[in-house]
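What follows is each chain in one-letter form.
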Amino acid sequence: MKAMTELPEFPDPTTPASGEAQTRAGFVAIVGKPNVGKSTLLNAFLGTKVAPTSPRPQTTRRGVRGIHTFEGRQLIFVDTPGMHKPKDALGKYMNNEVHSALSDVDAVVWVVDLRHPPTDEDRLVANSVRDLPKPLFLVGNKTDAAKYPDEAMKLYGALLEGRGQDLPVSETMLSAQNNVNAVATLREQLLEVLPENPFFFPQGAASDQSREMWAAEIIREEAMKKLRDELPYAVATRVNRWTEREDGLQRIEGEIVVEKNAHKGMVIGAGGKQLREIGQAARKQLEVFLNTKVFLGLEVIVIPGWREDEEALRELGYE
């Protein structure tokens, strides 16, 4: 696997690469309820970071594609938001991202948290994947922290009872964060089920995101780690400008979007301390992956009720 410090390339996703007739390529959806480790698994599959991660549920909001190409085969992983009962337009958008991904992939990886028995949200996922006529991989994650992983795995497997005999389920238990060999084995199993297709993306590409989208997600990840209570879920981010100086310095200017003026003050913090800490943490991540110096300028703006405003959601890239 690549070193986790390598920067993902950002190809133009509108220009698919040409491929030979004998190549195999396909899309794999990674699904599950919030906070089970889907993005961590995606990053582990690729050996580099393309999706944001944080201890908070619902860090992933849009379907992020990560690309792994190996010996004439190309896996395109689709990391999806956690399936849940939506409370606003953003939540509906996130669930739609999951259903859209499931309708147009060649295989499905359902990730569950073996530290806990199934919940209603897990049952929502099971109902969505049980009868899909596609290879299904049930992945029990966080084995390193689970007291009764085997028993939990049986409970999750039982949710798939009724799936047809001609629709087998492959089961794997691992820790996406710590079990490199188990992740590699699972990735190899997924490579084996790919249909014959030309490559959809150039070899060497690791993501279909623009660099601006990728950087905005890094900023939002750090904001979610720093902010408390419900505020992280009322925050969006976007990068408006990215320029490179002759000396190699990357100048990135972005916005943190909140719903209320009171939220703006909370994000900025006393004397600007909170915003500085978010910016410093995000800048460090960006410098590691870009392998160069970064100037990161952040501004906090208010878009009232953006989570319920479909036009605002589109402007923020949720479309």
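Presented here is an overview of the structure given in this document. Counting restarts for each chain, with residues numbered from 1 along the sequence as it is written. In view of the model being predicted, local features appear only for residues whose pLDDT reaches at least 70, and side-chain atom pairs are presented and counted only at 80 or more, with totals across whole chains, interfaces and linings using the full set of residues. Note: side-chain values were computed over all heavy atoms of the structure, leaving out hydrogens and water.

1. Structural notes on the packing of helix α1 (residues 38-46) against helix α5 (residues 180-192)
- It is the contact of α1 with α5, at a shortest axis distance of 9 Å, that shows an interaxial angle of 80°. Taken together, the axes of α1 and α5 are roughly perpendicular relative to one another. Contacts between α1 and α5 involve L41, A44 and F45 from the first element and V183, L186, R187 and L190 from the second.
- Residues are grouped as follows: Ala, Val, Leu, Ile, Met, Phe, Trp, Tyr, Cys and Pro are nonpolar; Asp, Glu, Lys and Arg are charged; all remaining types, including Gly, are polar. Classifying every residue of the contact of α1 with α5 gives six nonpolar, no polar and one charged. An axis is simply a line fitted to the C-alpha atoms; with a helix, the fit covers only the stretch in contact. Between two such axes, the angle follows the N-to-C directions and lies from 0 to 180 degrees. Only DSSP runs of H or I reaching four residues or more are called helices, and only runs of E reaching two or more are called strands; each is numbered from the N terminus. Reported orientations rely on four angle classes, namely roughly parallel under 35 degrees, roughly antiparallel over 145, roughly perpendicular from 65 to 115, and oblique for the rest. Two residues qualify as a contact provided that any one of their heavy atoms is within 4.5 Å of a heavy atom in the partner residue.

2. A few points about the packing of aromatic side chains
- Ring pairs are drawn from Phe, Tyr and Trp, using the six-membered ring of Trp, whenever the two centres fall within 6.5 Å, and their geometry is named by plane angle: stacked under 30 degrees, edge-to-face over 60, tilted for the rest. A full pass over the atoms with the stated rule returns four aromatic pairs.
- Considering the side-chain rings of F45 and F77, the 4.4 Å spacing of their centres and the 5° angle between planes classify their relative orientation as stacked. Of this pair, F45 sits in helix α1 while F77 sits in strand β3 (residues 73-79), and the two are 32 residues apart along the sequence. Each member of the pair, F45 as well as F77, is classed as buried. For each residue, the accessible area found with a 1.4 Å probe, counting protein chains only, is set against the maximum for its type, and the residue is called buried under 20%, exposed over 50%, and partly exposed in between.

3. Some words on the sheet that holds strand β4 (residues 107-113)
- Taken in spatial order, the six strands line up as β2-β3-β1-β4-β5-β6 in an open sheet, and their pairing is mixed. The sheet is open, and its two edges are formed by β2 (64-70) and β6 (169-173), each paired on a single side. For this sheet the average axis-to-axis angle between neighbouring strands, irrespective of direction, equals 20°.
- Looking at chain direction, strand β1 (residues 24-31) and β3 are connected through seven bridges and run parallel. By the bridge assignment for β3, V28 is matched with F77.
- Along the sheet face, helix α3 (residues 120-129) touches β1, β4 and β5 (136-141) and points at about 165° away from the line of β4. When DSSP locates at least two bridges between a pair of strands, those strands are taken to pair.

4. Focus on the sheet that holds strand β7 (residues 236-244)
- Spatial strand order, β7-β8-β9: three strands in an open sheet with mixed pairing. A single partner strand is all that each edge strand has here, and the edge strands are β7 and β9 (294-302). For this sheet the average axis-to-axis angle between neighbouring strands, irrespective of direction, equals 20°.
- The sheet contact formed by strand β8 (residues 250-258) and β9 spans nine bridges and is parallel. Counted as the bridge partner of Q250 is V294 from β9.
- Sitting on the sheet, helix α6 (residues 211-226) is in contact with β7, β8 and β9, with an inclination near 130° to β7.
- Sitting on the sheet, helix α8 (residues 273-290) touches β7, β8 and β9, and the angle it makes with β9 is about 140°.

5. With respect to the pairing of β2
- Bridge count between β2 and β3: seven bridges; the pairing is antiparallel. The residue bridging F70 from the neighbouring strand is R73, located in β3.
- Turn length for the β2-β3 hairpin, with the two strands adjacent in sequence and antiparallel, is two residues, and the turn residue E71 shows positive phi of about 50°.

6. Description of the pattern of salt bridges
- Salt-bridge detection follows one rule: a side-chain nitrogen of Lys or Arg within 4 Å of a carboxyl oxygen of Asp or Glu. All told, the structure shown has 15 salt bridges when counted by the stated rule.
- E188 serves as the salt-bridge partner of R73, at 3.4 Å between the closest nitrogen and oxygen. On the criterion of sequence distance, the pair formed by R73 in strand β3 and E188 in helix α5 is long-range, its members being 115 residues apart.
- Residue D247 pairs with R245 through a salt bridge whose shortest N-O separation is 2.6 Å.

7. Some remarks on helix α4 (residues 149-158)
- Along α4, the residues that are buried comprise P149, A152, M153, Y156 and G157. The buried residues of α4 occupy one face: seen down the axis, they fall within an arc of 140°.
- As for α4, its buried residues are in contact with β4, α3, β5 and β6. Regarding the arc, it is the one traced by the directions from the helix axis to the C-beta atoms.

8. Structural notes on the pairing of β6
- Pairing analysis gives five bridges linking β5 to β6, with the strands arranged parallel. Bridge pairing in β6 links F137 to S170.
- The crossover handedness rule: strands pointing away from the viewer, path from first strand over the helix to second strand clockwise, crossover right-handed. As a crossover connection, the stretch from β5 through α4 into β6 is right-handed.

9. Re the nonpolar core
- Counting 29 residues, the largest nonpolar core has V31, L102, V108, W110, V129 and Y156 as the members making the most contacts within it.
- Of all the secondary structure elements, the ones that give two or more residues to this core are β1, β3, α2 (89-102), β4, α3, β5 and α4.
- Apart from residues no more than four positions distant in its own chain, Y156 is found in contact with W110, V112, D113, L114, H116, P117, P118, D122 and L138.
- Counting 25 residues, the second largest nonpolar core, distinct from the first, contains L227, V239, W242 and L275. For this analysis, a nonpolar core means a set of buried residues of the types Ala, Val, Leu, Ile, Met, Phe, Trp, Tyr and Cys, connected via side-chain atoms within 4.5 Å.

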